[in-house]
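Chain residues, written in single-letter form:
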Amino acid sequence: VFPMLARMLLGMAIEAGVGGDLAVDAGRAEGRRLAHRGPRSRSTSGCVSATVAMLDELGFDPARVDGGDGTTVAFTHCPFAELAESDPEVVCSLHRGLVEGFVGEIGGGRVTGFNDLADRAPCRVELTPTSSDGR
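Residues numbered from 1 in each chain as written. Predicted model: local features only at pLDDT ≥ 70, side-chain atom pairs only at ≥ 80, totals over all residues. Heavy atoms only, no water.

> Mind laying out helix α2 (residues 20-35), listing which residues take part and the relevant values?
With 16 residues, α2 should reach 22 Å at 1.5 Å per residue; the first-to-last C-alpha distance of 22 Å fits that figure. Residues of α2 that are buried include every one of G20, A23, V24, G27, G31, L34 and A35, and no others. Down the axis of α2, the smallest arc covering the buried residues is 110°, so these residues share one side. Away from its buried face, by an angle of more than 90 degrees, α2 presents the exposed residues D21 and L22. (Helix = DSSP H or I, 4+ residues; strand = E, 2+ residues; numbered from the N terminus. Expected span 1.5 Å × (residues − 1). Buried < 20%, exposed > 50% of the residue type's maximum accessible area, 1.4 Å probe, protein only. Arc of directions from axis to C-beta.)

Here it is in structure tokens:
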């Protein structure tokens, strides 16, 4: 039932001319909500670990690679793939906003890059640690 509901809602969004910006905003709101579902660490490694755990719970089968100035988390499976193929601007923007909202609410890191179906590179997010003052 939920896949059918998602297809209908996506169709309505397309028909209404909803673009990426509104989708990012909606995703951020949901990401902030998800950040409050359970105890989360506010440390830098806690932000990355919490983000990976959240993506895993949602079915993205994340693969984490730490290095240099941050962490890359690749999405080896996309539970939104079928919908994303029909309208990547809306669906991938929802996903980007979800991650941005979650990371922003957890603290200790920021999203510095997000590759989706529109990019030639695999779908992934780049997370960079922030200091306690948000830089």
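From this point, things continue past the structure.
> Please provide a residue-by-residue account of the environment of I14, values included.
Considering the arrangement of structural elements, one finds I14 in helix α1 (residues 2-15). Here I14 falls in the partly exposed class, since its relative accessible area comes to 42%. Taking the C-alpha atoms as reference points, I14 and A26, twelve residues apart in sequence, are found 15 Å from one another.

> Give me the lowdown on the sheet that holds strand β1 (residues 62-67), citing residues and values where you can.
Read across the open sheet, the four strands follow the order β1-β2-β4-β3; overall the sheet is antiparallel. The two strands at the open ends of the sheet, each matched to only one other strand, are β1 and β3 (109-115). Across the sheet, the mean angle separating the axes of adjacent strands is 20° when strand polarity is ignored. Strand direction decides the pairing type here: β3 and strand β4 (residues 124-129), joined by six bridges, are antiparallel. By the bridge assignment, V111 is partnered in β4 with L127. Helix-sheet contacts for helix α5 (residues 88-106) involve β2 (70-75), β3 and β4, and the interaxial angle to β3 is about 165°. (Pairing = 2+ DSSP bridges. Axes fitted to C-alpha atoms, helices over the stretch in contact; angles between N-to-C directions. Contact = heavy atoms within 4.5 Å.)

> With reference to specific residues and values, describe the environment of M54.
Checked against the element boundaries, M54 lands in helix α3 (residues 44-57). When the C-alpha atoms of M54 and D21 are compared, they prove to be 23 Å apart, with 33 residues separating the residues in sequence. Apart from residues lying up to four places away in sequence, M54 is in contact with L34, L98 and F102.

> Before we move on, can you summarise the pairing of β2 with the specific residues and values?
Put simply, side chains in a regular strand alternate between the two faces of the sheet. Sheet analysis places β1 next to β2, joined by six bridges and oriented antiparallel. Residue pairing in the sheet places A63 in a bridge with A74 of β2. Connecting β1 to the next strand, β2, in antiparallel fashion are two residues, including G68 with a positive phi near 55°. Relative to β4, β2 is paired through four bridges, and the arrangement is antiparallel. When the bridges of β4 are listed, V73 appears paired with V125.

> A description of the layout of surface pockets should follow, citing residues and the corresponding values.
Estimates place the volume of the largest pocket at around 570 Å³. Taken together, 20 residues line the largest pocket, and the ones lying closest to its centre are A6, F80, L83, V91 and L94. Top element by residues in the lining of the largest pocket is α1. It accounts for six residues. (1 Å grid on protein atoms, 1.4 Å probe; cavity = no way out; pocket = protein on both sides within 12 Å on 5 of 7 lines; lining within 4 Å. Points joined across faces, edges and corners; volume = space filled by probe spheres on them.)

> Kindly report on the packing of α2 against α5, identifying the contributing residues and their values.
For the pair α2 and α5, interaxial distance at closest approach is 6 Å and the crossing angle is 40°. As the angle between them shows, α2 and α5 are arranged oblique. Note on packing geometry: the crossing formed by α2 with α5 is right-handed. In contact with G20, A23, V24, A26, G27, R28, E30, G31, R32, L34 and A35 of α2, α5 contributes E89, V90, S93, L94, R96, G97, L98, E100, G101, F102, E105 and I106. By residue class, the composition of the contact of α2 with α5 is ten nonpolar, six polar and seven charged. (Parallel < 35°, antiparallel > 145°, perpendicular 65-115°, else oblique. Left-handed = near helix turned anticlockwise from the far one by under 90°. Nonpolar A, V, L, I, M, F, W, Y, C, P; charged D, E, K, R; others polar.)

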